[in-house]
Amino acid sequence: MTPSFDPGLTRQYTGSLIRTINKDGSFNVRRRGFRRAAGGAYVRLIHTTWPRFLGIILVGYLAVNGIFTAIYLMLGPGALHASERDLGLTHAAQAFFFSAQTLTTVGYGALYPYGVAADLIAALEVTVGLAGFALATSLMFARFSRPSARLVFSRQLVVAPYGPQTSLQFRIANQRSNVLMEVEAEVMLMTVEKDKDGNLKRNFVELALERRRIFFLALTWTIVHPIDDASPLWGKTTEDLERWQAEVLILIKGYDDSFSQVVHTRYSYRWDEINWSVRFVPAFDVSPAGHLVLDVDRIHETAPV
């Protein structure tokens, strides 16, 4: 059953939300009004990008090293001594390099703490360094060992002929050389309407697929939703989808043969990413040696109907 809308809904809703799922698979959601979970920062560090993760680790190391350097400076020039000869370093340089060696538990021996206060601060820094590097190592291991699906989606949905009718289609392929088996697709249409009180309300309708599951993903998979009289898209136009602010939400799950784990990825298409009256063209060829050659860059190619 499809919802009904008024023209003012589009103007109100367009300014409040761009999309539910971003192109990278993350949710376009910001939370507020509740206390953050204790492990939230750990989870964010696992899921963030590699450049950002390495940058956070570097900034954290420099920040902790800077704090202890300042503490050694406050203890005065007599807190740190050179073991054999004058190293030609200022007091600030000695504090910095000693802090760096102590934090990493290297301890070359050229510099050493002198006095109870300096020894206590050095012991505390060693403890912080051990805990910090243990945490960083666990994060690195979690990031490397966490399996993920690297699927590429066609840039647009297409409305292509399907027997005597039409169908909504998109195409996926595996960017990695590993094997994904028992791949499943779930597709849902999200629309927006106003309830009787004038509040925005989301509607979710699962779209029936021609084929929901394949044994393995070796080439491309064109996922098809037949637009028949049972489909919520039956008889609808671009203007209807725009008025609904329609978004197609997609979940792909598969079994990663390399990691022996189930992986998944999310994606979505907005109403303005639907290309009407086109079809996908084949994205693979046969080499002279008889091999199937998949060109991932051609997964987006279409031809007019």
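Read on for an overview of the structure. Along every chain, residues carry numbers that run from 1 in the direction the sequence is written. Only residues with pLDDT of at least 70 are given local features in this predicted model, and only at 80 or more are side-chain atom pairs given and counted; all residues enter the totals for whole chains, interfaces and linings. Side-chain metrics rest on all non-hydrogen atoms present in the structure, leaving aside hydrogens and water.

## Notes on the pairing of strand E11 (residues 261–270)
1) Next: Bridge count for strand E10 (residues 247–256) against E11 is 10 bridges, and the pairing is antiparallel. Looking across to E11, one finds that Ile250 is bridged to Tyr267.
2) Next: Note on pairing: DSSP must find at least two bridges between two strands before they are called paired. In DSSP terms, a helix is any run of H or I states spanning at least four residues, a strand is any run of E spanning at least two, and both are numbered starting from the N terminus. The hairpin formed by E10 and E11 contains four residues between the paired strands, and Ser260 there has a positive phi angle of roughly 55°.

## Looking at a nonpolar patch on the surface
1) Next: Each patch is built from residues that are more than 30% exposed by relative accessible area and take part in no salt bridge. Like charges join if they lie within 9 Å; nonpolar side chains (Val, Leu, Ile, Met, Phe, Trp, Tyr) join within 5 Å. Methods summary: accessible areas were calculated by the Shrake-Rupley approach with a probe of 1.4 Å, and residue burial reflects only the protein chains presented. Here, a salt bridge means any Lys or Arg side-chain nitrogen found within 4 Å of an Asp or Glu carboxyl oxygen. Together, Tyr42, Val43 and Leu135 make up an exposed nonpolar region whose accessible area comes to about 250 Å².
2) Next: Looking at where Val43 falls in the secondary structure, it is placed in helix H2 (residues 40–47).

## Examining the packing of aromatic side chains
1) Next: Pairing of aromatic rings covers Phe, Tyr and Trp, the last counted by its six-membered ring, and requires centre-to-centre distances within 6.5 Å; plane angles under 30 degrees mean stacked, over 60 mean edge-to-face, and any other angle means tilted. Across all of its chains, the model carries eight aromatic pairs by this definition.
2) Next: Pairing Phe153 with Phe170 gives two aromatic rings, centres 6.3 Å apart and planes at 25°, and the pair type is stacked. Placement of Phe153 in strand E3 (residues 151–153) and of Phe170 in strand E5 (residues 165–174) is noted, with a sequence separation of 17 residues between them. As far as the burial class goes, Phe153 and Phe170 line up, both buried.
3) Next: Ring plane angle 0° and centroid distance 4.3 Å describe the contact between Phe153 and Tyr267, whose orientation is recorded as stacked. Within this pair, whereas Phe153 is found in strand E3, its partner Tyr267 is found in strand E11, the two being separated by 114 residues in sequence.
4) Next: You can call Phe153 buried: its relative accessible area is 6%.
5) Next: For every residue, the accessible area obtained with a 1.4 Å probe (protein chains only) is divided by the maximum for its type, and the residue is called buried under 20%, exposed over 50%, and partly exposed between those limits. On the basis of relative accessible area, Tyr267 is assigned to the buried category, the value being 9%.
6) Next: Here the aromatic cluster, defined as three or more aromatic residues joined through ring pairs, consists of Phe153, Phe170, Tyr267 and Tyr269.
7) Next: By the criterion adopted, a ring carries a charge over it if an Arg CZ or a Lys NZ lies within 6 Å of its centre and within 35 degrees of its normal. Over the face of the ring belonging to Trp50 we find Arg143, whose NZ or CZ atom lies 4.1 Å from the ring centre.

## Thoughts on the pairing of E10
1) Next: Counting buried positions over the 10 residues of E10 gives seven, a clear majority of the element.
2) Next: Across nine bridges, the pairing between strand E6 (residues 180–194) and E10 is antiparallel. Bridge pairing in E10 places Glu186 opposite Leu251.

## As for the side chain of Gln94
1) Next: Residue placement: Gln94 occurs in helix H4 (residues 91–103).
2) Next: Residue classification places Gln94 among the buried positions, given a relative accessible area of 12%.
3) Next: By definition in these notes, contact holds between two residues if any of their heavy atoms fall within 4.5 Å. The contacts of Gln94, once residues within four sequence positions are left out, are Leu80, Leu89 and Leu111.

## Structural notes on empty space enclosed by the protein
1) Next: Points on a 1 Å grid, built from protein atoms alone, make a cavity when a 1.4 Å probe fits but cannot get out and make a pocket when they are open with protein on both sides within 12 Å along at least 5 of 7 lines; residues with an atom within 4 Å of a point are the lining residues. Grid points are joined across faces, edges and corners, and a volume is the space filled by probe spheres set on the points. Evaluation of the coordinates by the stated rule reveals three cavities of 30 Å³ or more.
2) Next: Within this model, the largest cavity holds a volume of roughly 40 Å³.
3) Next: Lining the largest cavity are Leu189, Leu233, Leu241, Ala246, Glu247, Val248, Tyr269, Arg270, Trp271 and Ile274.
4) Next: Split by residue class, the lining of the largest cavity holds eight nonpolar, no polar and two charged. Under the scheme applied, nonpolar residues are Ala, Val, Leu, Ile, Met, Phe, Trp, Tyr, Cys and Pro; charged residues are Asp, Glu, Lys and Arg; polar residues are all the others, including Gly.

On their own, these measurements won't tell you what the molecule is for.
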